[in-house]
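Report on the structure
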There are 2 protein chains.
Amino acid sequence: MLEKRTLIDVQDAVERCMANAGEMPIISVGLEESLGYYLAEDIIATYDIPMFDKSPYDGYAISSTASNGANGENRVHFRTIDHIGAGSVSNKILTANEAVRIMTGAPIPDGADAVVMLEQTVQTAEGFTLRKTFESGENISKQGEECRAGDVILSAGTLITPGVIAVLATFSYAEVPVRQKPSVALIATGSELVSLGEELAPGKIRNSNGPMIAGLLNEMAVQTESYKVTEDNYEHLLAIVQEALEKHDIVITTGGVSVGDFDYMPAIYKALAADVLFNKVAMRPGSVTTVAVKDRQMLFGLSGNPSACYSGFELFTKPVIKKMSGAAHAHAPVIKAQLSLDFKKANPFTRFIRAELDIVNNTVKPAGFNKSNAVVAIAKSNSMIILPGGTRGFEAGDEVDVMLTRLADQAQSW
Amino acid sequence: MLEKRTLIDVQDAVERCMANAGEMPIISVGLEESLGYYLAEDIIATYDIPMFDKSPYDGYAISSTASNGANGENRVHFRTIDHIGAGSVSNKILTANEAVRIMTGAPIPDGADAVVMLEQTVQTAEGFTLRKTFESGENISKQGEECRAGDVILSAGTLITPGVIAVLATFSYAEVPVRQKPSVALIATGSELVSLGEELAPGKIRNSNGPMIAGLLNEMAVQTESYKVTEDNYEHLLAIVQEALEKHDIVITTGGVSVGDFDYMPAIYKALAADVLFNKVAMRPGSVTTVAVKDRQMLFGLSGNPSACYSGFELFTKPVIKKMSGAAHAHAPVIKAQLSLDFKKANPFTRFIRAELDIVNNTVKPAGFNKSNAVVAIAKSNSMIILPGGTRGFEAGDEVDVMLTRLADQAQSW
């Protein structure tokens, strides 16, 4: 009567997911739309940066030899023969004791090899005087000092952040080669669920998993279609999953993966002839999390319990979406931190606890009531404590593993 | 000839910015659009969670007293009188040795006070037998065990994350009270700048600050209008800034804040009769960063050098936008980490270095070539090293302050 399930380790479950996550095709997107995608190709410098010797200051370009011997008693005089701002090129060629007034970012004129800062000069009728000897190259940003044409600047698999956009703009990328992102179907199942706006009759609860997972996908800028389950039967749910598979790369369901009489997902995987990668993981919460593959499409059967649903998404779905999107690094960092409260529960399986990490003091505590069906603790968390299976309770002061799920602003002042 | 400027500390500069950042009005947004806004009001539980005593497992609801004395030799028999899934309510009232087959999430029927898990039963024709005594309350998720109606669940000023959305959905918030976000005008100045698609003539460089800052604003889901500067003169730029101030809460300019002959921003602040909060900060890079206030609008004059521009945005603009948007915590965390490379430059002023933090090993290093005009290092950075002013160089192994600017996935496996 009870379906026989084979228990596997979390690590093994994650690896099975990742082994089945195929990279999406390469597409081209406009630079302005590229934020949050992953580079599909290495970015190679198409020219030197800086592109030309330039002035890092507002001042005067001179030939350094002309300044030889200058000091407070023997100020050297220069005559200004041109005046250029950034973006302009002087067509003068400097001879000794000639100078070009030059602004930050402007190219160094021919014949000049040093820049005198405005603050280092005393103005005269025809130019200025200075009181120190300049070296060749002084106050010049040299062509190629940051990078050279041909250098690999950023590798394929890099997340496109605003800083990456600055690099792409610098090298004239109007279009950027990226991996397409998978499109996702989201199906919240469970006859107890009612949507916002519907009456909360006795025995019913709000569908919180649907909006939560939609939010997590939204943060990854993944296109999501939410399907509404209107009838509580196997045939209806199967039809929805089939429709979703026709249109999307990934189908996420919440609920229905357990062994209850109304848990239709196991039968649906069978009807689809999907390859079930696992349906029982040695973890709490979310041990019934099920992941299946149908051709190259992936089906994530997340738990209907919010905390289990959330943890399953963070552990399995998020890295798969990142890998499919071309990420070189798909997993959140796991750091060590000191537990600031006792946690006395035994951990027969690996336990994931929605947690508040104080990253400044490197301490961590459970983010409140932490059963599988808890929801508030998810909202209060910025991380998950990971307690290894086969351990007893932990005490304040113990060092534990913590997966960073989000970077929270903690400070009220700088 | 040189404009006289008063040098202030970074801390002081940040505080002046924050003191002038007024909170935006409260608006109501749909739950699905609420991600990334900040709660404008405390969220108070409108009912207990769980709303009713419910089963956390698939099994049978029983009266615990009927199980008294059960053991392997003396299995107690139960008769199943009803069968409910989650979302359904049994209208039966249990008497001794009666049971209701009950699925995860279903409400506990009247007369029952414990749940027997499916795995703990042996099926019979009319029900099941069990072999242990159950306690009252065993395997029941009690009404209100997570939170009680009236509890303050989340405070005003909380960032709306997917977990917060789950809480809001749980408590039936179809609309959410949030602070409006400021709208931002973005104006990249500098006669050396050419946009993508335009010819990169000698002496010219690409406008990378504009797309970079647009990306940073996009990450904050702030509505941004980019203005194009088509003529290189004071009157034109003044007209653009005036137009921007008519439509936006914040005006960000990049470039033009120094003391060069084509740096029009100081004169523009004067022409606008804006209150300049500071125009010289004891920091590298970005010492000429200027922030001004005109009525309740803020003008950020960021440096035209990409690294300085980036740092100015992270230090001043980002926390101001967060505070205006209603954030209770507006500043990125600053942690201690160990320098993994020597950094021998002296630091007359507080120095900010775009850096790569290895958060797992808690080590940090500059993200490559790090002059004020560098751009690649921004792309490679996930943090900024902060070296105090008045210090000499630092060596590998020294502990330094590090501002976390983004949470980067570092791991290739879990």
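Model, not experiment: these values are computed from the prediction.

A few words on the UniProt feature "domain: MoaB/Mog" (unreviewed entry) in chain A. The residues that UniProt annotates with the feature "domain: MoaB/Mog" (unreviewed entry) are residues 185-323 of chain A. Each end of residues 185-323 of chain A is marked by a C-alpha atom, and these two atoms are 18 Å apart; helix forms 36% of the span and strand 24%.

Residue and element names in this part refer to chain B. Locating Ile 81 in the fold gives a position in strand S4 (residues 76-84). On the basis of relative accessible area, Ile 81 is assigned to the buried category, the value being 18%. Sequence spacing of Ile 81 and Val 100 is 19 residues, and the spatial spacing of their C-alpha atoms is 5.8 Å. The residues contacting Ile 81, other than those within four sequence positions of it, are Lys 92, Leu 94, Glu 98, Ala 99 and Val 100.

All names here are of chain A. Taken as a whole, chain A is organised into domain 1 (10-24 + 181-324), domain 2 (28-49 + 146-179), domain 3 (59-130) and domain 4 (334-404). The straight-line distance from the C-alpha centre of domain 1 to that of domain 4 is 25 Å. If you look at the interface, domain 1 gives 16 residues, while domain 4 gives 14 residues. Summing the contributions of domain 1 and of domain 4, the shared interface buries around 1,300 Å²; its carbon and sulfur component is 68%. Three residues, Arg 284, Ser 307 and Tyr 310, lead the burial of domain 1 against domain 4; their summed loss comes to 39% of the area buried on that side. The tally of links between domain 1 and domain 4 comes to 0 salt bridges. Counting across the interface, domain 1 meets domain 4 through 8 residue pairs in polar contact (both at pLDDT 80 or more). Only strand S17 (283-284) and helix H6 (306-324) provide two or more residues apiece to the side of domain 1 that touches domain 4. Looking at which element gives the most residues to the side of domain 1 that touches domain 4, the answer is H6, with 7 residues. Of the residues that constitute the side of domain 1 that touches domain 4, the class distribution is 10 nonpolar, 4 polar and 2 charged.

All names here are of chain A. At the junction of Arg 284 and Pro 285, the peptide bond is cis and its omega measures out at -10 degrees in the coordinates. Mapped onto the fold, Pro 285 is located in the loop between S17 and strand S18 (290-294). One non-glycine residue, Asn 97, lies in the positive phi region at around 60 degrees. Along the chain, Asn 97 turns up in the loop between strand S4 (76-84) and strand S5 (98-102).

Residues and elements named next belong to chain A. Considering the arrangement of structural elements, one finds Asn 347 in the loop between strand S20 (334-339) and strand S21 (350-358). The buried category is assigned to Asn 347, whose relative accessible area is 1%. Distance in space between the C-alpha atoms of Asn 347 and Leu 387 is 7.1 Å, their sequence separation being 40 residues. Look past the residues within four positions of Asn 347 in its chain and what remains in contact with it is Leu 387, Pro 388, Gly 389, Gly 390, Thr 391, Arg 392 and Phe 394. Within the local environment of Asn 347, its side chain forms a polar contact with the side chain of Arg 351, the two groups lying 2.6 Å apart. Looking at Asn 347, its side chain comes within polar contact range of the main-chain oxygen of Arg 392, at 3.2 Å.

Attention now moves to empty space enclosed by the protein. Residue and element names in this part refer to chain B. In this structure the tally under the stated criterion is 5 cavities of 30 Å³ or more. Considering only enclosed or pocket space, the largest cavity measures out at about 70 Å³ in volume. Around the largest cavity, the lining comprises 11 residues; the ones closest to its centre are Glu 314, Pro 319, Ala 330, His 331 and Ala 332. Tallying contributions element by element places helix H6 (residues 306-324) first for the lining of the largest cavity, with 5 residues. Among the residues making up the lining of the largest cavity, the classes are represented as 6 nonpolar, 1 polar and 4 charged.

At the interface, 103 residues of chain B touch 103 residues of chain A. Summing both partners gives a buried area of about 8,500 Å² for chain B against chain A, and 65% of it is carried by carbon and sulfur. There are 4 salt bridges connecting chain B and chain A. Notably, a salt bridge pairs Glu145(A) with Lys371(B), separated by 3.2 Å at the nearest N-O pair. Across the chain B-chain A interface, the total number found is 20 residue pairs in polar contact (both at pLDDT 80 or more). A class-by-class count of the residues in the side of chain B that touches chain A yields 61 nonpolar, 25 polar and 17 charged.

A few words now on the side chain of Asp263(B). The topology assignment puts Asp263(B) in the loop between strand S15 (250-254) and helix H5 (265-271). No salt bridge is formed by the buried Asp263(B), whose closest oppositely charged neighbour, Arg5(B), lies at an N-O distance of 6.8 Å. Here Gly260(B) takes part through its backbone nitrogen, which lies 2.6 Å from a polar atom of the side chain of Asp263(B). The contacts of Asp263(B), once residues within four sequence positions are left out, are Asp58(A), Gly256(B), Val257(B) and Ser258(B).

Our focus in this paragraph is the side chain of Gln297(A). All names here are of chain A. By secondary structure assignment, the location of Gln 297 is in strand S19 (residues 297-302). Using a relative accessible area of 17% as the deciding quantity, one classes Gln 297 as buried. Once residues lying within four places of it in the same chain are set aside, the contact partners of Gln 297 are Leu 245, His 248, Asp 249 and Ala 292.

If you rotate chain B by 180 degrees and push it 0.0 Å along the axis, it lands on chain A with an RMSD of 0.1 Å. When the rotation and shift are considered jointly, the pair of chain copies conforms to a two-fold rotation axis. By C-alpha distance to the rotation axis, the residue of chain B lying nearest is Leu407(B), at 2.9 Å. In this assembly, 100% of the residues forming the interface of chain B have copies in chain A that are likewise at the interface, indicating an isologous arrangement.

All names here are of chain B. Under the 1.5 Å per step criterion, the end-to-end length of H6 is 25 Å for 19 residues, consistent within 8% with the ideal 27 Å. At Phe 313, H6 shows its largest kink, close to 40 degrees. Looking one or two places after H6, you find Gly 326, whose phi comes out positive at around 100 degrees.

Below, the discussion takes up the packing of aromatic side chains. All names here are of chain A. In total, this model carries 10 aromatic pairs over all chains according to the counting rule given. Centroid distance Phe 78 to Phe 128: 5.3 Å. Interplanar angle 10 degrees. Geometry classified as stacked. Here the residue Phe 78 occupies a position in strand S4, and Phe 128 occupies one in strand S8 (residues 127-130), the gap between them amounting to 50 residues. Taken individually, Phe 78 and Phe 128 each receive the classification buried, so the pair is uniform in this respect. Through successive ring pairs, a cluster of aromatic residues spans Tyr 60, Phe 78 and Phe 128. Just above the ring of Phe 134 sits the side chain of Lys 132; from NZ or CZ to the centre is 4.2 Å.

Attention shifts here to the sheet that holds S8(A). Residue and element names in this part refer to chain A. Taken together, the 6 strands give an open sheet; going across it, the order is S6-S3-S5-S4-S8-S7, and neighbouring strands pair in mixed fashion. Strands with a single pairing partner mark the edges of an open sheet, and in this sheet they are strand S6 (114-117) and strand S7 (122-123). The pairing of strand S3 (residues 59-62) with S6 spans 4 bridges and is antiparallel. Of the residues in S6, the one forming a bridge with Gly 59 is Met 117.

What follows is about the pattern of salt bridges. Residue and element names in this part refer to chain B. Considering all chains together, one arrives at 28 salt bridges over all chains under this definition. For Lys 142, the salt bridge goes to Asp 53, with nearest N and O atoms at 3.4 Å. One end of the pair, Lys 142, is in the loop between strand S8 (127-130) and strand S9 (152-154); the other, Asp 53, is in the loop between strand S2 (43-44) and strand S3 (59-62), and 89 residues separate them in sequence. We classify Asp 53 as partly exposed; its relative accessible area is 25%.

Here is what the cut-offs are and how they apply
- Residues numbered from 1 in each chain as written.
- Chains lettered and ligands numbered in written order.
- Predicted model: local features only at pLDDT ≥ 70, side-chain atom pairs only at ≥ 80, totals over all residues.
- Heavy atoms only, no water.
- UniProt positions renumbered as here; feature names shortened; annotations may be inferred.
- Helix = DSSP H or I, 4+ residues; strand = E, 2+ residues; numbered from the N terminus.
- Buried < 20%, exposed > 50% of the residue type's maximum accessible area, 1.4 Å probe, protein only.
- Contact = heavy atoms within 4.5 Å.
- Domains from an automatic or database assignment.
- Buried area = accessible area lost by both parts, 1.4 Å probe.
- Salt bridge = Lys/Arg side-chain N within 4 Å of Asp/Glu carboxyl O.
- Polar contact = N/O pair within 3.5 Å; in protein donor to acceptor, adjacent residues only side chain to side chain.
- Nonpolar A, V, L, I, M, F, W, Y, C, P; charged D, E, K, R; others polar.
- 1 Å grid on protein atoms, 1.4 Å probe; cavity = no way out; pocket = protein on both sides within 12 Å on 5 of 7 lines; lining within 4 Å.
- Points joined across faces, edges and corners; volume = space filled by probe spheres on them.
- Lys, Arg positive; Asp, Glu negative; His and termini not counted.
- Least-squares fit on C-alpha atoms with pLDDT ≥ 70 in both.
- Expected span 1.5 Å × (residues − 1).
- Bend = angle between axes of the 7 residues up to and from the residue.
- Phe/Tyr/Trp six-rings, centres within 6.5 Å; stacked < 30°, edge-to-face > 60°.
- Lys NZ or Arg CZ within 6 Å of the ring centre and 35° of its normal.
- Pairing = 2+ DSSP bridges.

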